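# Architecture at a glance
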Amino acid sequence: MHVLKFDWNPITGIDIVGNFKLHFYSLMWVVAFIIGWYIMKRIFTKEKVSLDYLDPLFIYTVLATMLGARLGHVLFYQSELISQDFFSIFLPFKFKGGFEFTGFQGLASHGAAIGIIIGMYLYRKKYKYKSLLWVLDRVVISVASGAIFIRIGNFINSEIIGKVTESGLGVRFIQDEYYKSQITQLTGIKDVQQAYNAVTENPQFAELLEKVPYRHPAQLYESFCYIFVFLILWYFYSKTKKRDQTGFLFGLFLILLWTIRFFVEFTKEPQGDEYINWANLNTGQWLSIPFIIIGLYFMFVYKPKTAVK
């Protein structure tokens, strides 16, 4: 395996019983939320905010993120689920074509962002120890750290794949190229994972492997860039007085994260139906632009009417 040219055919989860599978993608979400909780605990402790507010914040954040991400994906990329498999929108199961535990798949980051903002608004209405923007300025630090792991989960799942490269370098996503039923039929091997493994390991199936194109590992591009988003936010929060400028960190987060998303989208394949596709920009890029504009507003224009309490 060459670092710039390799085949990707991982075990995506652990079979527990029956159709239930513990997906590593789901574990990445768990890791993201746990690390986010510890970051917020450190912030609360540093600023002498009661930890009684921490667990409710965690619950609001988890629910807002998951609901927003799922509904965002359905509305922006897969609206046919509303009529074809409605309950799969809210449950980690697929019902159409046979019952199957899938975990929470099909999650849109734009929807998650909107969900988090709404969730923090509702949280602030109940817990009024600080302003809404105080909460957002700090929550985005945890969100940035979580985004790193979510994109790693996407890579493990061979989803949100990149476009075919012209250089012959990149990653061959075996499991994206061949569907489960397709790979078992082509190889004659009933076990799906063994069938995938045969494509990469058995010379008998070299022709199947050669048909898989090399693609940009767009998920890893994003994950790597988000490391710097987190580090930049943490620097401004912990080393400068910008943490006291209401809305600054929130705005900085929006600009950094969605600018990265805008440019990485040039290397990605479409994610489902592209409902917005103007001026050679895809749905993800057009949805990113408003967030960038909002970020610029909070960084350079916004002035709080009253002091933060």
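Residues numbered from 1 in each chain as written. Predicted model: local features only at pLDDT ≥ 70, side-chain atom pairs only at ≥ 80, totals over all residues. Heavy atoms only, no water.

## What about the overall build of the protein?
How we decide: Numbering of helices and strands runs from the N terminus, with a helix taken as a DSSP run of H or I at least four residues long and a strand as a DSSP run of E at least two residues long. The globule rule used for comparison is 2.2 Å times the number of residues to the exponent 0.38, while the radius of gyration itself is calculated over C-alpha atoms. The buried label goes to any residue with under 20% of its type's maximum accessible area, the exposed label to any with over 50%, and the partly exposed label to all in between, with areas taken from a 1.4 Å probe on protein chains only. Contacts are residue-level and defined by heavy atoms, with any inter-residue pair within 4.5 Å sufficient. Accessibility throughout is a Shrake-Rupley quantity obtained with a 1.4 Å probe, and a residue counts as covered only by protein chains that appear here. His is not counted, nor are the chain ends, whereas Lys and Arg count as positive and Asp and Glu as negative. Charge positions are represented by NZ for Lys, CZ for Arg, CG for Asp and CD for Glu.
Per the secondary structure count, the protein includes 12 helices and six strands. A globule of 309 residues ought to have a C-alpha radius of gyration of about 19 Å, and the protein, at 21 Å, matches this closely. Judged by the C-alpha coordinates and their principal axes, the protein covers about 70 × 40 × 35 Å. Counting over 309 residues, the protein shows a buried share of 48%. Taking all contacts inside the protein whose residues are at least 6 apart in sequence as the whole, residues at least 24 apart take part in 70%. Summed over all atoms, the accessible surface of the protein reaches about 16,400 Å², with 65% contributed by carbon and sulfur. Of the charged side chains in the protein, 31 are positive and 23 negative; the average position of the first set lies 15 Å away from that of the second.

## A short note on the packing of helix H7 (residues 180–187) against helix H8 (residues 192–201)
Our working definition: Structural elements are reduced to axes, namely lines fitted to C-alpha atoms, with helices fitted over the stretch in contact, and the angle between N-to-C directions of any two is expressed from 0 to 180 degrees. Here is the rule for handedness: rotate from the far helix to the near one, and if that takes an anticlockwise turn smaller than a right angle the crossing is left-handed, while a clockwise turn gives right-handed. Residue polarity is assigned by list, with Asp, Glu, Lys and Arg as charged and Ala, Val, Leu, Ile, Met, Phe, Trp, Tyr, Cys and Pro as nonpolar; anything else, Gly included, falls into the polar class.
Interaxial distance between H7 and H8 falls to 9 Å at its minimum, and their mutual angle equals 65°. Relative to H8, H7 is oriented so that their crossing is left-handed. Mapping the contact onto sequence places Lys180, Ile183, Thr184 and Thr187 in H7 and Val192, Ala195, Tyr196 and Val199 in H8. A per-class count over the contact of H7 with H8 returns five nonpolar, two polar and one charged.

## Brief notes about unusual backbone geometry
The backbone of Lys48 sits at a positive phi, close to 55°, despite the residue not being glycine. Note on placement: Lys48 falls in the loop between helix H1 (24–46) and helix H2 (54–77). With a phi close to 55°, Ile160 is a non-glycine residue in the positive phi region. Mapped onto the elements, Ile160 comes out in the loop between helix H5 (132–156) and strand E6 (170–173).

## Notes on the confidence of the model for the protein
Definition in use: Think of pLDDT as the predictor's per-residue confidence, scored from 0 to 100.
Considering every residue of the protein, the mean pLDDT works out to 90; 93% of them sit at 70 or more. Per-element averaging of pLDDT across the protein places strand E5 (residues 100–101) at the bottom with 66 and helix H11 (residues 248–264) at the top with 98.

## Let's talk about the nonpolar core
Quick note on the threshold: Side-chain atoms within 4.5 Å link the members of a nonpolar core, which is a set of buried Ala, Val, Leu, Ile, Met, Phe, Trp, Tyr and Cys residues.
Within the largest apolar cluster, 44 residues are counted, with the highest numbers of intra-cluster contacts made by Phe44, Leu57, Tyr129, Val135, Leu233 and Phe253. Put simply, the parts of the chain that give this core at least two residues each are H1, H2, helix H4 (109–126), H5, helix H10 (218–239), H11 and helix H12 (283–300). Broken down by element, the residue count for this core peaks at 11 residues, all from H11. Setting aside residues up to four positions removed in sequence, Leu233 forms contacts with Val140, Ile141, Ala144, Leu249, Leu252 and Phe253. Ile174, Ala195, Tyr196 and Val199 belong to the second-largest nonpolar core, a separate cluster that totals 11 residues.

## As for the packing of H1 against H5
Formally: Angles below 35 degrees are treated as roughly parallel, those above 145 as roughly antiparallel, those between 65 and 115 as roughly perpendicular, and all remaining angles as oblique.
Taken N-terminus to C-terminus, the directions of H1 and H5 make an angle of 155°; their axes are 8 Å apart at the nearest point. In terms of axis orientation, H1 runs roughly antiparallel to H5. Two packed elements cross with a definite hand, and for H1 against H5 that hand is right-handed. Residues of the contact of H1 with H5, tallied by class, amount to 18 nonpolar, six polar and one charged.

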